[in-house]
Amino acid sequence: MRRSRALIALMLLVYTFILSPFVVIFIVSFGPNLVFPPTSLTLNWYVRAVSMRMFREAFVTSLEIGLLAIMIALFFGVPAAYALIRFPFRGRETVEFAFTAPIVVPALVIGFALLRYYIQLGRLPVFPGLLIAHTVILVPYAVRVTAASLRNFDFLTEEAAISLGAPPWKAFFRIVLPNVRTGVLAAFILGFTLSFNMVPISLFLTGPGYTTLPIQMLSYMEYYFNPLVAALSVLMILFTVIITQVAESALGLSRHI
Amino acid sequence: MRNRAAVFALTGPGLVFLGFSLLAPIALLVASSFRSGDAWTVAPYVSTLSKSVFRIAALRTLRVGLIVTAATAFLSYPTAYYVSKLPARRRAVLMSLALFPLMTTAVVRTFGWFVILSRQGILNRVLEAIGWVDRPVQFLYTEGAIVLGLTHLFFPLMLLSLISAMENIPPDVEEAARSLGARPLRAFARVVFPLSADGLVVGGTLVFTGCITAYTTPAILGGTRVLTLATLLQQRAMTLLDWETATVVAVVLLALATVVNLALRRLRVRGVS
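How each quantity is defined
- Residues numbered from 1 in each chain as written.
- Chains lettered and ligands numbered in written order.
- Predicted model: local features only at pLDDT ≥ 70, side-chain atom pairs only at ≥ 80, totals over all residues.
- Helix = DSSP H or I, 4+ residues; strand = E, 2+ residues; numbered from the N terminus.
- Buried ≥ 20, exposed ≤ 12 C-beta atoms within 10 Å, placed from the backbone.
- Contact = placed C-beta atoms within 7 Å.
- Core = buried A, V, L, I, M, F, W, Y, C linked by C-beta atoms within 7 Å.
- Domains from an automatic or database assignment.
- Axes fitted to C-alpha atoms, helices over the stretch in contact; angles between N-to-C directions.
- Parallel < 35°, antiparallel > 145°, perpendicular 65-115°, else oblique.
- Left-handed = near helix turned anticlockwise from the far one by under 90°.
- Nonpolar A, V, L, I, M, F, W, Y, C, P; charged D, E, K, R; others polar.

**Q** Describe the overall build of chain A, and please don't skip the residues or the numbers.
**A** Scanning chain A for helices and strands turns up 12 helices and zero strands. Secondary structure elements of chain A, listed N to C terminal, follow the sequence α-α-α-α-α-α-α-α-α-α-α-α. Every one of the 257 residues in chain A was classed for burial, and the buried ones make up 45%. For chain A, long-range pairs separated by at least 24 residues make up 76% of all intrachain contacts whose partners lie at least 6 apart in sequence.

What follows is the structure, given as structure tokens:
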């Protein structure tokens with residue numbers, strides 16, 4: 001194939017555009033201030049980022065919320081995906097729509113509504129409010145990824161187990177679930193990563209002691225103009241990339257997403 | 001029938017959860033946007049619409065959404081075309097480079113642009129060095145900065161939609177057009193473009209709804225003065241405690257996102273995702 005030079009030049013521009021913010025963040029995170037290129041190199045901002053209590057606490061909150069939210073979302077989502085794939089029932093499309101509806105509703109609006117009616121009026125504490133919000137957002141992903149994996153499963157194996165006398169729930173846990181394990185794990189990793197990196201859903205749902213890491217970075221940026229956020233960004237990117245890469249090489253998850 | 005009971009038991013808990021934590025609060029939100037005191041009224045909408053800050057933010061939000069959707073499409077088409085024709089190995093590398101930003105938070109990606117665009121940032125230094133400007137230009141806190149940041153943020157979504165649409169086009173079709181005498185650009189315009197239009201619709205909807213509801217990028221690059229509906233909502237609620245206007249803005253955002261998504265369902269010919 002003959003490739004035109006114009007196309008290749010355009011590709012270079014596009015990829016420069018895509019990658020330049022990351023290159024800049026990486027470089028200034030080692031500089032004394034946000035001036036580019038840095039006049040000297042230091043690891044000072046990394047030391048401060050890791051040792052500051054507000055960021056450590058926010059990191060822990062993000063971990064807790066992300067892990068709990070995806071576990072609850074899978075608890076609701078895996079059985080629903082199974083029902084949607086396994087049984088042709090009346091109203092199937094409506095149920096499917098209901099389980100994907102959270103994708104359509106803007107996350108900011110979900111967070112705002114939960115703040116107004118459950119936290120302010122209903123006196124729900126902040127942490128469960130934040131957890132509910134993240135779970136709602138993750139349910140569609142839990143359903144979709146699990147459903148995609150169930151579509152490749154041959155349900156005759158399950159029927160065989162049932163006709164040999166296994167109760168349906170036992171057939172599900174012993175036959176179906178082990179076979180779609182990778183799909184469920186893929187949903188777990190995807191969901192956790194989404195929750196860990198997401199801003200708008202948490203914006204209205206943070207309180208003293210309960211702030212997620214991206215929100216804490218955002219509010220720090222309002223007051224300070226220094227490379228600390230760049231250092232934190234590099235650490236966050238590393239964290240996400242390591243999780244997804246380990247999952248990918250161990251399980252080949254990308255086939256399921 | 002046994003299936004009915006099974007379906008009920010399997011989907012019931014999830015539906016109850018979504019009813020409690022999505023449907024109920026959203027219904028309350030919409031209902032209370034039509035309440036003032038004890039009466040049903042459209043007064044909150046009238047008073048919100050009469051505020052110029054709302055009208056400016058709403059128009060800006062739609063404008064930015066359209067420009068960014070067009071910009072990502074413009075950048076993604078050649079990229080998707082180029083990448084989808086590469087041999088598998090190089091294709092995988094370029095794909096993961098383009099999609100890697102999706103795994104990072106909007107805060108990180110927008111902060112990079114913040115550093116580039118600031119008064120002492122790289123862009124100003126380069127412009128000064130080559131003598132195009134003699135004092136730093138104010139790039140931050142402008143609509144242009146928001147457009148740039150959002151284009152960067154949503155480019156991978158558009159690219160992904162277009163690439164999956166182009167993968168479904170058999171290569172022979174374009175070859176056929178070329179061997180019958182069509183020039184490369186014409187073959188692209190008459191064959192590849194129409195066959196990938198579905199990807200454009202899907203990607204365009206994702207990008208447009210993403211833009212109008214995005215918070216982080218307009219908050220960092222637009223600041224407290226150049227507001228979009230999302231940052232206006234945050235400001236009204238958390239800074240000014242003006243819950244009436246905030247509620248109306250939230251309902252407007254919800255309505256916009258819903259309308260665009262429903263339109264997509266009608267426009268879509270076949271599934272891509």
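**Q** Run through the overall build of chain B, naming residues and quoting values.
**A** In terms of regular secondary structure, chain B is built from 13 helices and two strands. Overall, the C-alpha framework of chain B stretches about 75 × 70 × 30 Å when taken along its three principal axes. Taken across its 273 residues, chain B has 43% of its residues classed as buried. For chain B, the proportion of contacts with a sequence separation of at least 24, taken over those separated by at least 6, is 73%.

**Q** Summarise the interface of chain B and chain A; cite the residues concerned and give the values.
**A** The partner chain A presents 63 residues to the 58 residues of chain B that form the contact. Among the elements of the structure, α1 (2-33), α3 (52-84), α4 (88-99), α5 (106-117), α7 (143-167), α11 (216-222), α12 (229-239) and α13 (243-267) of chain B are those that each provide at least two residues to the side of chain B that touches chain A.

**Q** Let's hear about the nonpolar core: which residues, and what values?
**A** Counting 151 residues, the largest nonpolar core has Ile110, Phe112 and Ala142 of chain A together with Leu229, Leu233, Ala250 and Leu253 of chain B as the members making the most contacts within it. The residues that make up this core include at least three from each of domain 1 (1-42) and domain 2 (52-256) of chain A. Beyond its immediate chain neighbours, meaning those up to four positions away, leucine 253 of chain B contacts Pro106, Leu108 and Val109 of chain A together with Ile212, Thr213, Leu229, Ala230 and Leu233 of chain B.

**Q** I'd like to hear about the packing of helix α3 (residues 53-86) of chain A against helix α9 (residues 181-197) of chain A, residue by residue, with values.
**A** Describing two packed helices takes the angle between their axes plus the distance from one axis to the other. All names here are of chain A. For the pair α3 and α9, the least separation of the axes is 9 Å and the interaxial angle reads 140 degrees. The orientation of α3 relative to α9 falls into the category oblique. The hand of the α3/α9 crossing is right-handed. Along its contact with α3, which presents Ser62, Ile65, Gly66, Leu67, Ala69, Ile70, Ala73, Leu74 and Val78, the element α9 presents Val184, Ala187, Phe188, Gly191, Phe192, Ser195 and Phe196. Counted by class, the contact of α3 with α9 contains 12 nonpolar, four polar and no charged residues.

**Q** Run through the packing of helix α1 (residues 5-28) of chain A against α5 of chain B, naming residues and quoting values.
**A** At a minimum axis separation of 8 Å, α1 of chain A and α5 of chain B run at an interaxial angle of 75 degrees. When the axes of α1 of chain A and α5 of chain B are compared, the pair comes out roughly perpendicular. Side by side, α1 of chain A and α5 of chain B meet where Ser20, Pro21, Phe22, Val24, Ile25 and Val28 of chain A of the first sit next to Val108, Arg109, Phe111, Gly112, Trp113, Val115 and Ile116 of chain B of the second. In terms of residue class, the contact of α1 of chain A with α5 of chain B is built from 10 nonpolar, two polar and one charged.

**Q** For the domain arrangement of chain A, give the residues involved together with the corresponding values.
**A** All names here are of chain A. Segmentation of chain A into domains returns domain 1 (1-42) and domain 2 (52-256). Between domain 1 and domain 2, the C-alpha centre-to-centre distance is 32 Å. Of the residues that constitute the side of domain 1 that touches domain 2, the class distribution is four nonpolar, three polar and no charged.

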